Amino acid sequence: MTGSFALAALDESIGKAQLQTVPVKDFGPDFMSFQDDNIQVIIRTGIFNPKKHKLMVQEEHLLRIDGKPYYGGAIGQNPHTTIESVTVLVGKDTVPIPATAWFDLYDPKFSFNEGGATRTRNAVYLSNDKHTFYIYMLNIDNGGVEYTWVIRDKQYLRRVVDFGFLKQ
């Protein structure tokens, strides 16, 4: 990957240095982990239970979950999975990632099959100054959605969500 990793910023990344990544350690249907000598990231999912949420539905189309917009999944339909947790360790320190960073993100995709091989579009990218890293997830289904959590100096800084960038 180049100096910029979001699809929307590809033109800005031309000629910039490549970002280092933290390797994928393991993944399954309900988790994905990345790990190197200093950073460990684990993302876990769960089953979306509509009975545990207040759903705003109009003409059989889901508009909001718990009174808020939601990201991921098929537009207007109940999602199938939730993000249950994002765990980040830097050295021996746990970086708390608040639920507000992921509570409205649904149906993440950890892997896909391409030509008989299992692949992922997700990664953990390290900034060139090594103070910041980005937990990046990309799901190109249903119009596309990107989730990125930004960690700087062992603290959660913010998230970036981009959606609807692929034509259906």
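Computed from a prediction, not measured in an experiment: that's the story for all the values here. Residue positions within a chain follow its written sequence, with the count starting from 1. Under the rules for a predicted model, residues below a pLDDT of 70 receive no local features and side-chain atom pairs below 80 are neither given nor counted, while totals for whole chains, interfaces and linings still include all residues. Excluding hydrogens and water, the side-chain figures rest on all heavy atoms present in the structure.

Asker: Explain the overall build of the protein chain here, please?
Answerer: Along the backbone of the protein chain there are zero helices and 14 strands. Comment: elements are numbered from the N terminus, with helices defined as DSSP H or I runs of at least four residues and strands as E runs of at least two. The N-to-C order of helical and strand elements in the protein chain reads β-β-β-β-β-β-β-β-β-β-β-β-β-β. A burial count over the protein chain gives 38% of its 168 residues as buried. Contacts spanning at least 24 positions in sequence make up 49% of the contacts within the protein chain whose residues lie at least 6 apart. As presented, the protein chain carries roughly 10,000 Å² of accessible surface, and 50% of it is formed by carbon and sulfur atoms. When accessible area is computed with a 1.4 Å probe and restricted to protein chains, residues below 20% of their type maximum are described as buried, those above 50% as exposed, and intermediate ones as partly exposed. Two residues form a contact once any of their heavy atoms are found within 4.5 Å. Note that accessible areas follow from Shrake-Rupley with a 1.4 Å probe, and for residues the cover is restricted to the protein chains shown.

Asker: It is not clear to me how the sheet that holds strand β13 (residues 145–152) should be interpreted in this structure. Could you clarify?
Answerer: Remark on secondary structure: sheet strands pair via backbone hydrogen bonds, oriented parallel or antiparallel. For two strands to count as paired, DSSP must find a minimum of two bridges between them. Read across the open sheet, the five strands follow the order β1-β11-β12-β13-β14; overall the sheet is antiparallel. The open sheet has two free edges, formed respectively by β1 (20–22) and β14 (155–163), since each of these has just one partner strand. Between one strand and the next, the sheet's axes are offset by a mean angle of 25°, whatever the strand orientation. Inspection of the sheet shows strand β11 (residues 123–126) paired to strand β12 (residues 132–139) by four bridges, in the antiparallel sense. Across the sheet, the residue bridging to Ala 123 is Tyr 136, located in β12. Every axis corresponds to a line fitted to the C-alpha atoms, with the helix fit spanning only the stretch in contact, and the corresponding angles, defined between N-to-C directions, vary from 0 to 180 degrees.

Asker: For this particular structure, what's the right way to read the packing of aromatic side chains?
Answerer: We describe a pair of aromatic rings using the distance from one ring centre to the other and the angle between the two ring planes. Stacked, edge-to-face and tilted labels apply to pairs of Phe, Tyr and Trp rings (six-membered ring for Trp) whose centres lie within 6.5 Å, assigned for plane angles under 30 degrees, over 60, and everything in between, in that order. Enumeration over the complete set of coordinates arrives at five aromatic pairs. Ring geometry for Phe 48 against Tyr 106: centres 5.5 Å apart, planes inclined by 90°, an arrangement best described as edge-to-face. One end of the pair, Phe 48, is in the loop between β4 (39–47) and β5 (55–58); the other, Tyr 106, is in the loop between β8 (93–95) and β9 (112–114), and 58 residues separate them in sequence. The pair Phe 48 / Tyr 106 is uniform in exposure class, with both members buried. When the centroid spacing of 6.4 Å and the interplanar angle of 50° are considered together, the rings of Tyr 147 and Trp 149 count as tilted.

Asker: What exactly am I supposed to notice about the nonpolar core here?
Answerer: Looking at soluble globular proteins, one finds that nonpolar side chains tend to be buried together. What makes a nonpolar core is a set of buried Ala, Val, Leu, Ile, Met, Phe, Trp, Tyr and Cys residues whose side-chain atoms join them at distances within 4.5 Å. Formed by 26 residues in total, the largest nonpolar core has its most connected members in Val 41, Ile 43, Val 86, Val 88, Phe 133, Ile 135 and Trp 149. Taken together, the elements giving at least two residues each to this core come down to β3 (31–35), β4, β7 (81–90), β11, β12 and β13. If near-sequence neighbours (up to four positions away) are discounted, Phe 133 is found in contact with Ile 39, Val 41, Val 88, Val 90, Val 124, Tyr 125, Leu 126, Trp 149, Val 150 and Ile 151.

Asker: Which parts of the structure should I look at to understand the pairing of strand β6 (residues 61–65)?
Answerer: Consecutive residues of a regular strand have side chains that alternate between opposite faces of the sheet. By the bridge criterion, four bridges tie β5 to β6 in an arrangement that is antiparallel. In the sheet register, Leu 55 faces β6, and the bridge partner there is Ile 65. In textbook terms, the turn of a hairpin is the stretch between consecutive antiparallel strands, and for β5 and β6 this stretch comprises two residues, one of which, Glu 59, has a positive phi near 50°.

Asker: Would you mind showing me how to read the sheet that holds β4 here?
Answerer: The strand order across the open sheet formed by five strands is β2-β3-β4-β7-β8, and the pairing between neighbours is antiparallel. Two strands lie at the open edges of the sheet, namely β2 (24–28) and β8, each paired on one side alone. Within this sheet the neighbouring strands show an average axis-to-axis angle of 15°, counted without direction. One ladder, built from three bridges, connects β7 with β8; its direction is antiparallel. Bridging across to β8, Leu 89 finds its partner in Thr 94.

Asker: Would you mind showing me how to read empty space enclosed by the protein here?
Answerer: In this approach a probe as big as a water molecule rolls over the atoms, and the regions it shows empty are the leftover space. With a 1 Å grid spanning the protein atoms alone, the term cavity applies to any set of points in which a 1.4 Å probe fits but cannot get out, the term pocket to an open set with protein on both sides within 12 Å along at least five of seven lines, and the term lining residue to any residue with an atom within 4 Å of a point. Grid points are joined across faces, edges and corners, and a volume is the space filled by probe spheres set on the points. Scanning the entire structure with this criterion turns up one cavity of 30 Å³ or more. Estimates place the volume of the largest cavity at around 30 Å³. What lines the largest cavity is Lys 109, Phe 110, Ser 111, Phe 112, Thr 120, Arg 121 and Leu 138.

Asker: What exactly am I supposed to notice about the pairing of β3 here?
Answerer: Along β3, four of the five residues are buried, which leaves the element largely enclosed by surrounding structure. Bridge count between β2 and β3: four bridges; the pairing is antiparallel. Within β3, the position partnered with Asp 26 by the bridge is Ser 33. In textbook terms, the turn of a hairpin is the stretch between consecutive antiparallel strands, and for β2 and β3 this stretch comprises two residues. Looking at chain direction, β3 and β4 are connected through five bridges and run antiparallel. Across the sheet, residue Ser 33 finds its bridge partner in β4, namely Ile 42.

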